[in-house]
Amino acid sequence: MAMDQVGTSGPRTAGVSRLSDGLVIARARVSAHLAAAVDGDGAVRRPCTSRTLESALLLALLWRRGGHPQQVQRLVAHLNRGEAHASGFDGALVQAVLHGKRADRDVVADELLAGFDHFSLVRKRLLFDVYLAAAGAVEFEASMLRPAARASAREDNTVAWVEMVMLSVRVLVAHRLGRAQEVTEGERGRLLELLASSRVPVWEDYPAAHLLALLAVQEFDPGHPLMDSGVTALLDCLNPDGGVPSISNLAVFSTGVAGLALARGNADPALLHRMGDYLTGRQMPDGGWTFGEDMLHSDVDDTSYAAAFLATADPVRHRDALVRAAGYFRNIVGPDGGYPTYMQGDPSEVGMTAGAVSALAWDGAHNADLMANGARWLLDAQHPDGTFERSWSLSEANTIWRALWALHSLPEPVRTPLKARIAAATAASERFLDAAQNTDGGWGYRPGDRSDIASTCYSLLALSAMGRLADQDAVVRAGVTHLISRQDADGGFTALPDQVAPRPLLFDAPVFSDIWALLALSSCNRNWIR
């Protein structure tokens with residue numbers, strides 16, 4: 001579809017005016033709904049929904065340890081619900097832990113990792129196979145027992161959760177294979193040391209990693225105090241439906257991105273100050289932010305959204321925090337100009353690089369070198385069809401939005417030498433999004449998929465970043481109309497899950513639906529561009 005030219009009078013103008021009125025109302029309603037999720041201290045602490053993986057692993061651990069009959073009953077009831085085994089991987093976990101049945105096909109290769117192209121593929125294949133084995137869906141096999149890590153592992157370029165997960169895998173597999181002698185006392189001691197290192201009850205707010213470690217420790221020291229305290233922590237975070245959430249605390253990330261949406265939507269400055277003060281109080285010594293409260297390891301994604309919010313809300317009030325965040329980005333950027341998620345030296349990723357470039361735009365004069373190098377990396381990373389790697393999202397439009405937001409945030413001195421390449425990248429992404437729009441006005445994860453709210457929001461955000469707005473553009477108007485039609489009676493939005501962690505497993509944080517919708521509705525009308 002091509003852009004319309006809007007006249008000064010007549011039915012078309014009236015239609016645009018009606019849409020604008022509806023947009024104002026929809027935006028105000030979702031803004032109020034999202035603002036109600038902000039706690040008194042400025043944090044957004046809405047929970048993630050239950051996930052089959054963590055619920056099945058906890059049930060397997062409780063079966064093995066005994067006790068907690070009421071919680072076992074709740075977990076069984078949760079896993080018996082149809083939505084708990086919607087995918088082949090989930091179904092295999094449920095059938096194994098509830099009925100002792102083995103999987104009749106390779107659900108990891110055939111479904112979960114089919115088409116998964118990422119540097120972590122080998123590790124993910126091992127991890128998901130071990131999850132299935134721990135639940136009883138497949139046998140433990142010798143191929144799962146990887147060599148011991150180097151003695152210098154704790155100084156190696158590895159984030160703490162990767163070390164703990166892989167060490168848990170090694171210990172658990174060795175013991176279940178009857179080859180416990182191949183694991184050293186030093187490895188078992190290191191696992192206990194890592195398990196005790198978290199400052200939060202559920203290890204680093206990551207239930208799956210905590211459960212895998214507990215399953216491993218159960219094999220060699222079931223009476224260790226960390227077992228009882230760990231089980232208690234996981235039981236304490238059960239959702240009302242009896243299941244285990246995929247992430248036990250997502251408050252820092254949620255506050256950053258919710259704050260960005262509310263700031264772009266011109267929310268109450270007092271609310272934004274409260275949220276900003278909460279985030280500045282949560283900034284890590286390295287200048288970054290974590291996804292949950294009281295965690296140990298920052299990452300680029302959380303830092304990008306937090307910094308973008310602070311810069312949008314009040315760059316003067318939050319200048320010190322923003323300068324520290326710029327230092328974080330400078331210290332973690334790769335030699336190729338791109339940004340990894342967790343550790344310098346890991347491969348650069350599109351979403352992370354785009355987020356960092358966008359967050360640095362508040363002070364383009366001092367960050368010009370980082371922005372220029374990041375922009376070149378993004379331009380090189382674009383696929384011929386206008387898409388980018390999807391990475392932490394199922395939706396093609398997510399990284400299109402983030403990359404185009406970054407490219408169109410560049411200060412003029414950085415943009416000028418890249419103008420032709422940015423124009424070509426923009427045109428390619430425009431062609432993709434125009435062709436991918438469904439007849440109902442929305443977008444799906446990929447072309448041909450049914451429309452979902454998150455993908456529709458990302459697509460509208462991408463088109464808005466390119467300068468295509470609802471009062472001038474038929475594609476954007478159709479998308480906005482579709483989005484407004486999906487608004488709930490209470491002003492919020494209910495969407496399919498889109499975020500993935502551990503990749504490519506979906507997790508669902510329902511508050512994200514309001515956040516993406518408010519961002520989209522606040523960006524597609526020229527009167528609201530900040």
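Residues numbered from 1 in each chain as written. Predicted model: local features only at pLDDT ≥ 70, side-chain atom pairs only at ≥ 80, totals over all residues. Heavy atoms only, no water.

**Q** Just checking my understanding: could you explain unusual backbone geometry for this structure?
**A** One can expect most non-glycine residues to show negative phi and most peptide bonds to be in trans. Residue P504 follows R503 across a cis peptide bond; omega there is 5°. Take P504: it is sitting in the loop between α21 (474-485) and α22 (511-521). Here N266, not a glycine, exhibits a phi torsion of approximately 60°, which is positive. Along the chain, N266 turns up in the loop between α11 (251-264) and α12 (269-281). Judged by relative accessible area, which is 43%, N266 ranks as partly exposed. Even without glycine at this site, D294 takes up a positive phi of about 65°. Structurally, D294 can be placed in the loop between α12 and α13 (300-313). Given a relative accessible area of 38%, D294 falls into the partly exposed group. (Helix = DSSP H or I, 4+ residues; strand = E, 2+ residues; numbered from the N terminus. Buried < 20%, exposed > 50% of the residue type's maximum accessible area, 1.4 Å probe, protein only.)

**Q** What should I look at first to understand the confidence of the model for the protein in this one?
**A** The predicted coordinates should not be examined in detail at positions where pLDDT is low. Chain-level statistics for the protein give a pLDDT mean of 92 and a share of 93% at 70 or above. Below pLDDT 50 for its whole length, residues 1-14 participates in 22 contacts with residues either more than four positions away or in separate chains. This model gives residues 150-157 a pLDDT under 50, and the stretch forms nine contacts once residues within four places in sequence are excluded. (pLDDT = per-residue confidence, 0-100. Contact = heavy atoms within 4.5 Å.)

**Q** Is there a simple way to think about α11 in this case?
**A** Quick reminder: α-helices carry 3.6 residues per turn. Residues three or four places apart thus point the same way. The terminal C-alpha atoms of α11 lie 20 Å apart, and with 14 residues this matches the ideal 20 Å at 1.5 Å per residue to within 8%. Judged by how many residues are buried, α11 sits mostly within the fold: 14 of 14 residues are covered. Trailing α11 by a residue or two, N266 shows a phi angle of about 60°, which is positive. (Expected span 1.5 Å × (residues − 1).)

**Q** Explanation requested: the layout of surface pockets in the structure shown.
**A** Rolled over the atoms, a probe as big as a water molecule pinpoints where empty space is left. For the largest pocket, the calculated volume is near 1300 Å³. Taken together, 46 residues make up the lining of the largest pocket; nearest its centre are L394, V500, P504, L505 and L506. Of all elements in the fold, only α2 (52-65), α4 (88-99) and α5 (107-112) reach the threshold of two or more residues within the lining of the largest pocket. (1 Å grid on protein atoms, 1.4 Å probe; cavity = no way out; pocket = protein on both sides within 12 Å on 5 of 7 lines; lining within 4 Å. Points joined across faces, edges and corners; volume = space filled by probe spheres on them.)

**Q** Teacher, can you tell me more about the state of the cysteines here?
**A** One covalent bond between the sulfur atoms of two cysteine residues makes up a disulfide. The final tally for this structure, using the stated rule, is zero disulfides. No disulfide involves C48; its nearest neighbouring cysteine sulfur is the one of C237, lying 10 Å away. C524 carries a free sulfur, and the closest cysteine sulfur to it, the one in C457, is 9.5 Å from it. (Disulfide = S-S within 2.5 Å.)

**Q** Before we go on, may I ask you to explain the packing of aromatic side chains in this structure?
**A** Centre-to-centre distance and the angle between the planes together describe a pair of aromatic rings. For the structure shown, the criterion picks out 16 aromatic pairs. Ring centres of W161 and Y342 lie 5.8 Å apart, and the angle between their planes is 75°; on these two criteria the pair is classed as edge-to-face. With a gap of 181 residues between them, W161 in helix α7 (residues 160-176) and Y342 in the loop between α14 (319-332) and α15 (350-360) connect regions that are remote in the sequence. Each member of the pair W161 and Y342 is classed as buried. Judged by centre distance (5.8 Å) and plane angle (50°), the rings of F512 and W516 are tilted. Pair noted here: F512 and W516 are both in helix α22, with a separation of four residues, about one helical turn. Taken together, the ring pairs in this structure connect F253, Y305, W401, W405, Y458, F507, F512 and W516 into an aromatic cluster. (Phe/Tyr/Trp six-rings, centres within 6.5 Å; stacked < 30°, edge-to-face > 60°.)

**Q** Where do I start with the pattern of salt bridges in this structure?
**A** When charged atoms on two side chains of opposite charge get close, those side chains can pair. Under the criterion given, the structure shown has 29 salt bridges. Close ionic contact of R402 with D301 constitutes a salt bridge, the shortest N to O distance being 2.9 Å. One end of the pair, R402, is in helix α17 (residues 396-407); the other, D301, is in helix α13, and 101 residues separate them in sequence. Summarising the burial analysis for this pair, R402 and D301 share the class buried. With its nearest N and O atoms 2.8 Å apart, the salt bridge here joins R468 to D473. Both residues of the pair, R468 and D473, belong to the buried class. Residues participating in the shared-partner salt-bridge network are D39, D41, R45, R282, E293 and D294. (Salt bridge = Lys/Arg side-chain N within 4 Å of Asp/Glu carboxyl O.)

**Q** Can you walk me through the environment of C237 in this structure?
**A** In this structure, C237 sits in the loop between α10 (225-236) and α11. Each C-alpha atom of the pair C237 and A406 lies 37 Å from the other, and the pair is 169 residues apart in sequence. Not counting residues within four places of it along the chain, the set of residues in contact with C237 comprises V202 and P245.

**Q** When you look at empty space enclosed by the protein in this model, what are you seeing that I'm missing?
**A** All told, the structure shown has three cavities of 30 Å³ or more when counted by the stated rule. Estimates place the volume of the largest cavity at around 90 Å³. Around the largest cavity sit 14 residues that line it, and L496, P497, D498, F512 and W516 are the ones nearest its centre. When contributions to the lining of the largest cavity are tallied by element, the ones reaching two or more residues are α20 (453-465) and α22. The calculated volume of the second largest cavity comes to roughly 40 Å³. Every residue along the wall of the second largest cavity is listed here: E396, A397, F432, L433, A436, W443, G444, Y445, R446, P447 and S459.

**Q** I keep staring at the nonpolar core and nothing clicks. Help me out?
**A** Generally speaking, a soluble globular protein has its nonpolar side chains buried in company with each other. Grouped together as the largest cluster of nonpolar side chains are 185 residues, with contacts concentrated most on F89, Y131, Y339, I515 and W516. Considering each element in turn, this core owes the most residues, 10 residues, to α7. Contacts of F89, omitting those with residues within four sequence positions, involve L53, V107, V108, E111, L112, F128, Y131, L132 and L505. (Core = buried A, V, L, I, M, F, W, Y, C linked by side-chain atoms within 4.5 Å.)

**Q** Just checking my understanding: could you explain α4 for this structure?
**A** With 12 residues, α4 ought to run about 16 Å at 1.5 Å a step, and its terminal C-alpha atoms sit 16 Å apart, in line with that. Of all 12 residues that make up α4, nine are buried, and the element is covered over most of its length. Where α4 is buried, its residues touch α2, α3 (69-80), α5 and α6 (121-135). Within two residues after α4, G100 carries a phi angle of roughly 70°, on the positive side.

**Q** What's the story with the environment of R274 in this structure? I'm lost.
**A** Mapping R274 onto the fold places it in helix α12. Taking relative accessible area as the criterion, R274 reaches 31% and is therefore assigned partly exposed. Measuring from C-alpha to C-alpha, the distance between R274 and G40 comes to 8.1 Å, with 234 residues separating the pair along the chain. Those residues in contact with R274 that lie beyond four places of it in its chain are V38, D39, G40, D41 and G42.

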